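# Fold and contact review
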There are 2 protein chains.
Amino acid sequence: MDSKQFREAAVASIDEIVKYYDTIEERRVVSNVEPGYLRKLLPQEAPQKGESWADIQKDLESKILPGITHWQSPNFLAWFPSSSSFPAMLGEMYSAAFTGAAFNWICSPAVTELETIVLDWLAKAFGLPSCYLSTGPTNGGGVIHGTASEAIATMIVAARDKYLREATAHITDEEEREDAIAIRRSKLVALGSAATHTATKKGAQIAGVRFRAVPVHAADGYRMTGSELRRVILELRTKGLEPFFLTATLGTTDTCGIDDMEGIASVLGELAPEGPGEVWVHVDAAYAGASLICPEYQHLTKSFDRFHSFNTNLHKWLLVNFDCSTVWVRNRRHLTDALSVSLAILQNQHTDSGLVTDYRDWQIPFGRRFRSLKVWFVIRTYGIEGLRAHIRKHIKLAETFGELVKTRSDLFEIITGPRFALTVFKIVKKDATLEEQNELTKKVYNAIVEDGRIFLSSTVVGGVFAIRHNPATPMVEEHHVRKHFEVIVEVAEKTIAS
Amino acid sequence: MDSKQFREAAVASIDEIVKYYDTIEERRVVSNVEPGYLRKLLPQEAPQKGESWADIQKDLESKILPGITHWQSPNFLAWFPSSSSFPAMLGEMYSAAFTGAAFNWICSPAVTELETIVLDWLAKAFGLPSCYLSTGPTNGGGVIHGTASEAIATMIVAARDKYLREATAHITDEEEREDAIAIRRSKLVALGSAATHTATKKGAQIAGVRFRAVPVHAADGYRMTGSELRRVILELRTKGLEPFFLTATLGTTDTCGIDDMEGIASVLGELAPEGPGEVWVHVDAAYAGASLICPEYQHLTKSFDRFHSFNTNLHKWLLVNFDCSTVWVRNRRHLTDALSVSLAILQNQHTDSGLVTDYRDWQIPFGRRFRSLKVWFVIRTYGIEGLRAHIRKHIKLAETFGELVKTRSDLFEIITGPRFALTVFKIVKKDATLEEQNELTKKVYNAIVEDGRIFLSSTVVGGVFAIRHNPATPMVEEHHVRKHFEVIVEVAEKTIAS
C-alpha cells in the first residue's frame, strides 16, 4: 500500500466511520453472535499473498461489525462508558503516524513534554492540590497509563518498595538488607473497601502482597468509613501484619459510592507509627473523577493533599478514546525508585542531565504511545466549559431517569443514586423473600438484555441483585433516556405477567 | 465537532500524514529541541472555550513536529525500529472508532475472537510448536500485550504464583498456606543473562522477587550458555534461594545475541527437582522474533516446546504500529490462575459458560484496545510473503553495510554482526588503551548524532563502547545505507583529524 493508495483507503475509512457514527442508533447495541462465530468466517491460516484494501474493508461490515458491541450508542448503559470523540480519533490518527516507542525523552521530546503539560492543565482543572503538579512543592506530577488497573498495580509496587526501603533503611549490609526486605514483604497488606474495583486485589496479587477488604455496610451507603478502616488496621497489626497501602474509592463500580475521605485521612493520621510505616493512600476515581472538572464537585478533593496518588480514566467519561488513565503522584521519586532500571543503550546526555522526564520509569511498560496528543485535542476542542457541559448533561439526564423510576414505585425501587449519573435499582416484589426478589430482578434484567434495544449491566449490592443504568455516552439525549425507561417498564411488566 | 466537521478535519489530517511520510527524509531525523521547549510555547492553563480544528492543526507543525524524532525516517538507525505501516494506521483508525473497554468477551466478541485467530495464524507462521496454539494440546494460546516489558512482568507473576502454588499444595489450612507462600516468595529468584533487556529485572522488581544476571562472555558471543546457567542455579540453591523463572533471549538489545536455547533446555532438564520446582522459561524475542516469519530462521524455535512462553513485538520489525507485543503461553491457565479476579458487575452468561476467553485475565490491565485489527490488516495487506520480503530486505541491507564497514578496517572494527540486521562496531585506534579507544568511539558517536543526518544509538559490550547500526525501518533502501556509511566515514575522519 503506497501513500496514494493509503490516502484513498483512509478517506474511504473515514467515510465509513462517519456513517457508523451517524447511524449507530440503528444497530443492535450489544452483539448477539455465538461464541466462536468468527473462526467459522476466517481462514485457518494467514494468507500467503497480499490482498487489496477493498477486500479487507468489505470484511469489516460482514465479519467484524456483527461482533462489535456499540459502546458509543445512546442505548449503551452498561458498566461505565468508554467514550470516544472525533478530536480524540484525530489524536489517535496522528499518534499512529508519528509512531515510535517513546521510552525516553529523546525518543520524541514532544511526547514527554506535552504529557507533562496537559496533566498539569488537568490537575488544575480538577482542583487537585498543588502537590500533584509537576511544578508543585513535593516533586509530584502526572503520567498517562493505559488503565486504572495498571495505575493501581504501579502505585502498589511503588508503595511497597517505599515502605520496605524506609523500614530497612537502618541495615547497612546489602545482602542482609535484601533478606530483611524479603521477610518484611511477606507481611505487607494492601487494603481497599469491599466495594472497590478488583484492580486493587489484582494489583496486590501482581505485587506479591496480601489483600484485605475493609467491609462496607448499607447503613453507610456502602462506603468505607474511618472507623471500619481503624478496626481492620488494628486487627491486622495485632496479627503481625503490616498495612502499607490503601485504595480510597471515589465512585465505586457497583453504586458510585464515595469512601469517607476525611475519615480515612484522620484515622491514618491517628494510627501513623512514629518512624517509618506510613500507609500510602491512592484515590481511585476511575469513572467519577471526571466530574471534578466541574467546580461543584471539587470539594471532594479536600483531603487529597494528605494522600499520595490519584487516578481517573479520561477514556471513561471525558471523551478521550480508550486507553487513557491519567495518574498523579505527590512525589514522583517514589515511582522512579521502584521502577527505574538502567540499560547501556539508553544512555543519552538528556537523561544524564536530569533535566528531562523519562516516563518509562513511572510505569510498568517500557515503550509508550503518544497519548497526550488526543488529550490535548479534546481539551482544546471542547474547552473546559465544553467538558463541564458534557458532565452536567449526564448528571441531569440521570436525574430525569431517577424521577421516572420513582413514578413507578409499584415496579421499581432505587437502591442507590442517581450518583454521578448512575442509578441502581431493583424490581419490587411484595411479600417476597430476598431470594425471590433477586430471582425476579435477574429475570427482568436478562429479558432486557435479550430484547436488545438497550444494554445495561447488573450487580449485587449487599446481597441484592440490582440493575445499573448509566447513560453517560456522548450522543445520548433526553428522548433516549425516556425511551430506556419505556423499554425497561415494558419488559418488566411483560416478564412479571408471564 | 460534528461528523461533517470531523470528516473535513480527518481528510485534512490524512493529507498531512501522507505529506509527512512522502517527505520524511527531508526532516532532521532526531529532534534537537532543548528540554522544556514546549512549555514555553503553550499556555499555562487549559483553554476555557473550545477552539477550531484549524487552529489546533496549525500548532502541530509549529509546536509538536520540532519535538518529534522521526522513527520512520530511513535515517533512523537507533535502538530497534518501531515500524509503522499504512494498513496498521487504518487499523488504529477503526479501533478508535469502535472504542470500548473490551475487558471481556461480550464487550465486543470480535475483539477477543480476532485476537485469538490472528495469534494462531502468527504462531503457525513463526513455526512455533503446537503447544502455543489456542487449539493445541496443552491449552496454550496467544494474547496481545502492549510491550515486551509488560509481557515479561506478567510471565514472572504467573510463574511465581505457579511455583508457589505447587510448592505449597500440600498445606491444607488456608492461613498457614498463605504464610508459607509469603516466606517461600522471599526466596524466589528470576534469572536472565547479563545481556538481556532490563525488562526482566524490572519485572522481578514489580513481582517482588530477586533478580540475578547470568554472566555472558565475549568468548561465547555474549550469549548465555547452559554451563553458566548451571553454575548460577547451583550457587543460588546452595544459598537456600529458589530460581523459578528464566528469560532466554533471542536477539539481545546490545548485539542481537541468541542464548544457547538447547543448552538451557538441557541444563534445566538435568537440574529439575523431583516434585515441584520447575523453572519457567520465557523466550524474549522482542525484536529478532520477527525473523521467524522466514523459514530460514525457524530452526531457532527447536527447543521452544520445552519452554513456557514466548513474545515478540510486532511493533518493532513487523509493520504493526506501536503498541503490539504478541505473547504466547503453553498453558493459559497459569495466567488466569495468577491474574483472575471476579467482580459482580462483570457477571455474564458467556463468561460463566466457559466457552469464551476473557483476555483481561491474561494481562495486567483490565480494559483492552482492539489491537488485533491492525495486525489483521497488516497480515492481509502484505501476506506472509510480503512480510518475509520485508525482513529479508533488511537482512540484506545490513550485510551490505557490514561489507562496507569491512572495506575501511583502518577506521572501523566490527564487534558483532550483522545479526538480524544489527551491526555493532567501534572506531579503531592503534596502540591505544581500552579507555582511549572508548573515548574516541564515543567522540565520533556524539559527533554523528550532533551532525544530525542520521541517528544511531550506542552501547557498551564487554567494556567496549560501541556504535549500533540497525536500518530496519520500512522505507530504507540500499542507497540510504550507502549514505549512512558515507556520513559515518566523513564524521569519523573529521573527528579523528580534529
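Residues numbered from 1 in each chain as written. Chains lettered and ligands numbered in written order. Predicted model: local features only at pLDDT ≥ 70, side-chain atom pairs only at ≥ 80, totals over all residues. Heavy atoms only, no water.

For chain A, an unreviewed UniProt entry supplies the name Decarboxylase_GME4826 and the organism Daldinia eschscholzii IFB-TL01. As its UniProt record puts it under Sequence similarities (unreviewed entry), chain A is described as follows: "Belongs to the group II decarboxylase family." Here chain A is described in UniProt, under the heading Cofactor (unreviewed entry), as follows: "pyridoxal 5'-phosphate". (UniProt positions renumbered as here; feature names shortened; annotations may be inferred.)

### With respect to the overall build of chain A
From N to C terminus, chain A includes 15 helices and 11 strands. Its C-alpha atoms give chain A a radius of gyration of 25 Å, within 12% of the compact-globule value 23 Å for 498 residues. Seen through its C-alpha atoms, chain A measures out along the principal axes to roughly 70 × 70 × 50 Å. Distance from the positive charge centre (56 side chains) to the negative charge centre (61 side chains) of chain A: 1 Å. (Helix = DSSP H or I, 4+ residues; strand = E, 2+ residues; numbered from the N terminus. Rg over C-alpha atoms; globule rule 2.2 N^0.38 Å. Lys, Arg positive; Asp, Glu negative; His and termini not counted. Charge placed at Lys NZ, Arg CZ, Asp CG, Glu CD.)

### Re the sheet that holds strand β2 (residues 141-145) of chain B
Residues and elements named next belong to chain B. Taken together, seven strands build an open sheet; the order of strands is β2-β8-β7-β6-β5-β3-β4 and the sheet is mixed. The open sheet has two edge strands with one neighbour each: β2 and β4 (210-214). Between one strand axis and the next, the sheet turns by 20 degrees as a mean value, whatever way the strands run. Taken together, the five bridges between strand β3 (residues 188-193) and strand β5 (residues 242-249) define a ladder with parallel strand orientation. In the strand pairing of β5, Leu188 is matched with Glu242. (Pairing = 2+ DSSP bridges. Axes fitted to C-alpha atoms, helices over the stretch in contact; angles between N-to-C directions.)

### Regarding the nonpolar core
Residues Leu229(A) and Leu229(B) are the most contacted members of the largest nonpolar core, which totals 250 residues. Excluding residues within four positions of it along the chain, Leu229(A) makes contact with Leu191(A), Val214(A), Met224(A), Leu246(A), Ile264(A), Val267(A) and Leu268(A). Ranked by size, the runner-up nonpolar core spans 62 residues in total, among them Val143(A), Leu164(A), Phe244(A) and Val157(B). (Core = buried A, V, L, I, M, F, W, Y, C linked by side-chain atoms within 4.5 Å. Buried < 20%, exposed > 50% of the residue type's maximum accessible area, 1.4 Å probe, protein only. Contact = heavy atoms within 4.5 Å.)

### Details of the interface of chain A and chain B
Between chain A and chain B, the residue contacts involve 153 residues of the former and 153 residues of the latter. Of the roughly 13,400 Å² buried between chain A and chain B on both sides combined, carbon and sulfur atoms contribute 64%. At the boundary of chain A and chain B, one finds 15 salt bridges. Taken together, the links from chain A to chain B amount to 60 residue pairs in polar contact (both at pLDDT 80 or more). Residue contributions to the side of chain A that touches chain B peak at 15 residues, all from helix α1 (residues 3-22) of chain A. (Buried area = accessible area lost by both parts, 1.4 Å probe. Salt bridge = Lys/Arg side-chain N within 4 Å of Asp/Glu carboxyl O. Polar contact = N/O pair within 3.5 Å; in protein donor to acceptor, adjacent residues only side chain to side chain.)

### Some points on the environment of Ile467(A)
Residues and elements named next belong to chain A. The topology assignment puts Ile467 in strand β11 (residues 464-469). Exposure remark for Ile467: the relative accessible area of 0% places this residue in the buried category. In this structure, the C-alpha to C-alpha distance between Ile467 and Ser457, residues 10 residues apart in sequence, is 6.2 Å. Setting aside residues up to four positions removed in sequence, Ile467 forms contacts with Thr423, Val424, Phe425, Thr441, Tyr445, Ile448, Leu456, Ser457 and Ser458.

### Considering the relation of the copies chain A and chain B
It takes a turn of 180 degrees to lay chain A on chain B, together with a shift of 0.0 Å along the axis; the resulting RMSD is 0.0 Å. On this basis, the relationship between the two copies can be described by a two-fold rotation axis. In terms of C-alpha distance to the rotation axis, chain A has Ala207(A) as its closest residue, with the C-alpha 2.4 Å off the axis. (Least-squares fit on C-alpha atoms with pLDDT ≥ 70 in both.)

### Description of helix α7 (residues 199-207) of chain A
All names here are of chain A. Burial of α7 is extensive: seven of the nine residues sit out of reach of the surface. Buried within α7 we find Ala199, Thr200, Lys202, Gly203, Ala204, Ile206 and Ala207. Looking one or two residues past α7, Gly208 carries a phi angle of roughly 75 degrees, positive in sign.

### Describing the side chain of Thr416(A)
Residue and element names in this part refer to chain A. With respect to the secondary-structure elements, Thr416 resides in strand β8 (residues 412-419). Accessibility expressed as a relative area gives 6% for Thr416, which makes it buried. Not counting chain neighbours up to four residues away, the residues in contact with Thr416 comprise Tyr222, Thr255, Leu422, Thr423 and Val424.

### Points about the packing of aromatic side chains
Residues and elements named next belong to chain A. Summed over the entire model, instances satisfying the criterion amount to 62 aromatic pairs over all chains. Pairing Tyr163 with Phe244 gives two aromatic rings, centres 6.3 Å apart and planes at 65 degrees, and the pair type is edge-to-face. Taken together, the residues span a long stretch of sequence, with Tyr163 in helix α5 (residues 148-167) and Phe244 in strand β4 (residues 242-249) at a distance of 81 residues. Each member of the pair Tyr163 and Phe244 is classed as buried. (Phe/Tyr/Trp six-rings, centres within 6.5 Å; stacked < 30°, edge-to-face > 60°.)

### Observations concerning the UniProt feature "modified residue: N6-(pyridoxal phosphate)lysine" (unreviewed entry) in chain A
Mapped onto the present numbering, the UniProt feature "modified residue: N6-(pyridoxal phosphate)lysine" (unreviewed entry) falls at Lys316(A). Other than its neighbours up to four places away in sequence, Lys316(A) contacts Phe80(A), Pro81(A), Ser82(A), Ser83(A), Ala286(A) and Tyr287(A).

### Regarding helix α9 (residues 261-271) of chain A
Taken together, the buried positions of α9(A) are Met261(A), Gly263(A), Ile264(A), Ala265(A), Val267(A), Leu268(A) and Leu271(A). Its buried side turned inward, α9(A) meets α8 (226-238), β4 and β5 (280-284) of chain A.

### Regarding unusual backbone geometry
Residue and element names in this part refer to chain A. Looking along the chain, the bond that leaves Gly417 and enters Pro418 is cis, with omega of 0 degrees. By the element assignment, Pro418 lies in strand β8. The backbone phi angle of Tyr222 is positive, close to 60 degrees, even though this residue is not glycine. Topologically, Tyr222 is positioned in the loop between β3 (210-214) and α8. A relative accessible area of 14% places Tyr222 in the buried class. Positioned with a positive phi, Ala421 is a non-glycine residue whose angle comes to about 70 degrees. Within the element layout of this structure, Ala421 appears in the loop between β8 and β9 (422-427). A relative accessible area of 2% places Ala421 in the buried class.

### Description of the sheet that holds β5(A)
Sheet strands pair via backbone hydrogen bonds, and the direction of the pair is either parallel or antiparallel. Residues and elements named next belong to chain A. On the basis of which strands lie adjacent, the open sheet formed by seven strands has the order β1-β7-β6-β5-β4-β2-β3 and mixed pairing. The outermost strands of the open sheet, each flanked by one partner alone, are β1 (141-145) and β3. When the angles between neighbouring strand axes are averaged without regard to direction, this sheet yields 20 degrees. The sheet contact formed by β4 and β5 spans five bridges and is parallel.

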